[in-house]
Amino acid sequence: QVQLVESGGGLVQAGDSLRLSCAASGRTFSSYAMGWFRQAPGKEREFVAAISWSGGITTYADSVKGRFTISRDNAKNTVYLQMNSLKSEDTAVYYCAAAQAHTLMGLTTTRGSKYDYWGQGTQVTVSS
């Protein structure tokens, strides 16, 4: 069992930066690939970024590529999402999720159905 707690959301202006954190419980954090998803009001949940268990592989949605960076610190059981040059369309609730690395053969996935555990989410609001 893995519990995930996101933090770092808030209200910012367009062009600003935010760093989201997701702290995981348990001693097996390094055996999970991690992902960030978001859901805006009235829209479906969408993939944002993912990172493999080792941190060696990262994947991004086209909409955030070049602006967002996902990273992880396995010693701290934490995954991060650095968000730069924020836009109003980035406004959403951001969720982190964990997927067992062996089911992904050490890779990442953009598919939400492949993730086993989810956090409660943190709100990010970008004003234009």
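So, here's what we can say about the structure. (Residues numbered from 1 in each chain as written. Predicted model: local features only at pLDDT ≥ 70, side-chain atom pairs only at ≥ 80, totals over all residues. Heavy atoms only, no water.)

**Looking at the side chain of Asn77**
Following the sequence through the fold, Asn77 ends up in the loop between strand E7 (68-73) and strand E8 (78-83). Not counting chain neighbours up to four residues away, the residues in contact with Asn77 comprise Cys22, Ala23, Ala24, Ser25, Gly26 and Phe29. (Helix = DSSP H or I, 4+ residues; strand = E, 2+ residues; numbered from the N terminus. Contact = heavy atoms within 4.5 Å.)

**Quick look at the environment of Ala40**
Among the structural elements, Ala40 can be located in the loop between strand E4 (32-39) and strand E5 (46-51). Separated by 18 residues in the primary sequence, Ala40 and Thr58 place their C-alpha atoms 23 Å from one another.

**Here's the deal with the pairing of strand E3 (residues 18-24)**
Here E3 lies mainly inside the structure; 5 of its 7 residues are buried. Note that strand E1 (residues 4-7) and E3 share 4 bridges and pair antiparallel. Bridge pairing in E3 links Ser7 to Ser21. Alignment of E3 against E8, held across 6 bridges, turns out to be antiparallel. Its bridge partner lying in E8, Leu20 is registered against Leu81. (Buried < 20%, exposed > 50% of the residue type's maximum accessible area, 1.4 Å probe, protein only. Pairing = 2+ DSSP bridges.)

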